[in-house]
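Examination of the molecular architecture
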Amino acid sequence: MSNTDHTAADLKTVVAGCGRMGEPMLAALCAAGFDATGFDVRDPSHYGPDNRTITDDPEKLPSDTKILISVVRDIAQTEALLFTDQSLLDRLPELTHVVISSTLSPRYISALKDRISCTVIDAPMSGAAIAAQEARLSFMLGGSDSDIDYLMPLFSAMGAHFHHMGDTGAGMAAKVLNNLLAATNTATTRLVLDWADAAQIDEKKLLDLIHTSSGQNWLASGFEEIEFARDGFADDNTIGILKKDVESALDAAPPGADTTLPETVIRHIRALKPRSR
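The sections below set out a description of the structure shown in this document. (Residues numbered from 1 in each chain as written. Predicted model: local features only at pLDDT ≥ 70, side-chain atom pairs only at ≥ 80, totals over all residues. Heavy atoms only, no water.)

Description of helix H1 (residues 22-31)
Since the α-helix turns once every 3.6 residues, residues separated by three or four places project in the same direction. Stated precisely, the cut-off is as follows: Each residue gets one of three labels from its accessible area relative to the maximum for its type: buried under 20%, exposed over 50%, partly exposed in between, using a 1.4 Å probe on protein chains only. Starting at the N terminus, helices and strands are each numbered in turn, a helix being any DSSP run of H or I of at least four residues and a strand any DSSP run of E of at least two.
Of all ten residues in H1, seven are buried, a share of seventy percent or more. Within H1, the full set of buried residues consists of Gly22, Glu23, Pro24, Met25, Leu26, Ala28 and Leu29. With its phi angle positive at about 95 degrees, Gly33 sits one or two positions after the end of H1.

See the structure below:
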């Protein structure tokens, strides 16, 4: 995909949902010279030096914004952002593209594009907060070639790997499948580490072994960098989001599919306790 040069006004952007992922994504856009503003329902004092570019008042967002990147948690927050509580679709009349970077049900994305007059692009990302902070996220993209090419300067500022999976909805379908694998690896890796404790095997030595052996996986290899690697389950943390992502994969399961494994993964994710160092 070749990038096309655009003026700053063409790509004037709001990043909505400035949490662990959204805030560093906003910072990456600003560092690359884009005219980008953050929006979050939390007070801007919650943030560090980037708070000058973040507001909790939707009326203060630039009315000539062209691109809205949504990184809010779930479908309920997406509905509130776009249609009800914050109603950004009404407040930003010049929007040309709504980019959904949250991980949501692919069925929801397919229905969403018929409810919005501007173009909907799904662009969920992978890599955890460390990759967002280092602007090396992996994006799974759904949309037309021309729309993806148009937005690529923004994606390039925030990420390092770009996978155009097909039309709108395909990026989200690929992401929930990827996260089903990630959740499976998370549950199994944590189980293995707990069993290793019982066998009095040193954690670091085992993780080094896994990294160079047949059990190698993303969580084990990045255990000391991934911010949720030691977390227990809570509805409002990243482990809780991972459970939500598996539920999104289940929502898009093919008719008649055997869902025993992902349902088992959800049970194991819900049962995770914090792991001490």
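Thoughts on the nonpolar core
Grouped burial of nonpolar side chains is what soluble globular proteins tend to show. The condition is simple: What makes a nonpolar core is a set of buried Ala, Val, Leu, Ile, Met, Phe, Trp, Tyr and Cys residues whose side-chain atoms join them at distances within 4.5 Å. Whether two residues touch is decided by their heavy atoms; if any such pair falls within 4.5 Å, the residues are in contact.
Ranked by internal contacts, the top residues of the largest apolar core, which has 33 residues, are Met25, Leu29, Ile69, Phe139, Leu151 and Phe155. Listing elements by their share of this core, those giving two or more residues are H1, strand E4 (67-70), helix H5 (128-133), strand E8 (137-142) and helix H6 (145-158). Top contributing element to this core by residue count: H6, with eight residues. Setting aside chain neighbours within four positions, we find Phe139 in contact with Met25, Ser101, Ala123, Pro124, Met125, Phe155, Met158, Gly159, His161, Phe162 and His163. One finds Leu207, Leu219, Ala229 and Leu242 within the second-largest nonpolar core, a separate group that totals 22 residues.

Regarding the pattern of salt bridges
For the record, the criterion: Take a side-chain nitrogen of Lys or Arg and a carboxyl oxygen of Asp or Glu: if they are within 4 Å of each other, that pair is a salt bridge.
Applying the stated criterion to the full structure yields 17 salt bridges. Between Glu94 and Lys66 there is a salt bridge; the shortest N-O distance is 3.1 Å. Here the residue Glu94 occupies a position in the loop between helix H3 (88-91) and strand E5 (97-100), and Lys66 occupies one in the loop between strand E3 (54-55) and E4, the gap between them amounting to 28 residues. Through salt bridges with shared partners, a single ionic network connects Asp194, Asp197, Glu203, Glu224, Arg230, Arg275 and Arg277.

Section: the packing of aromatic side chains
Short version of the rule: Side-chain rings of Phe, Tyr and Trp, where Trp is taken by its six-membered ring, are said to pair if the distance between their centres is within 6.5 Å; with planes under 30 degrees apart they count as stacked, over 60 as edge-to-face, and otherwise as tilted. Ring-over charges, as used throughout, are those where CZ of Arg or NZ of Lys falls within 6 Å of the ring centre and within 35 degrees of the ring normal.
On inspection of all chains with the given rule, the structure shows three aromatic pairs. Geometrically, the ring pair formed by Phe139 and Phe162 is stacked, given 6.4 Å between the ring centres and 10 degrees between the ring planes. Of the two residues, Phe139 is situated in strand E8 and Phe162 in strand E9 (residues 159-166); the sequence distance between them amounts to 23 residues. Residue classification places Phe139 among the buried positions, given a relative accessible area of 0%. The structure contains a cluster of three or more aromatic residues connected by ring pairs, namely Phe139, Phe155 and Phe162. The positively charged end of Arg115 is found above the aromatic ring belonging to Phe83, 4.1 Å away from the centroid.

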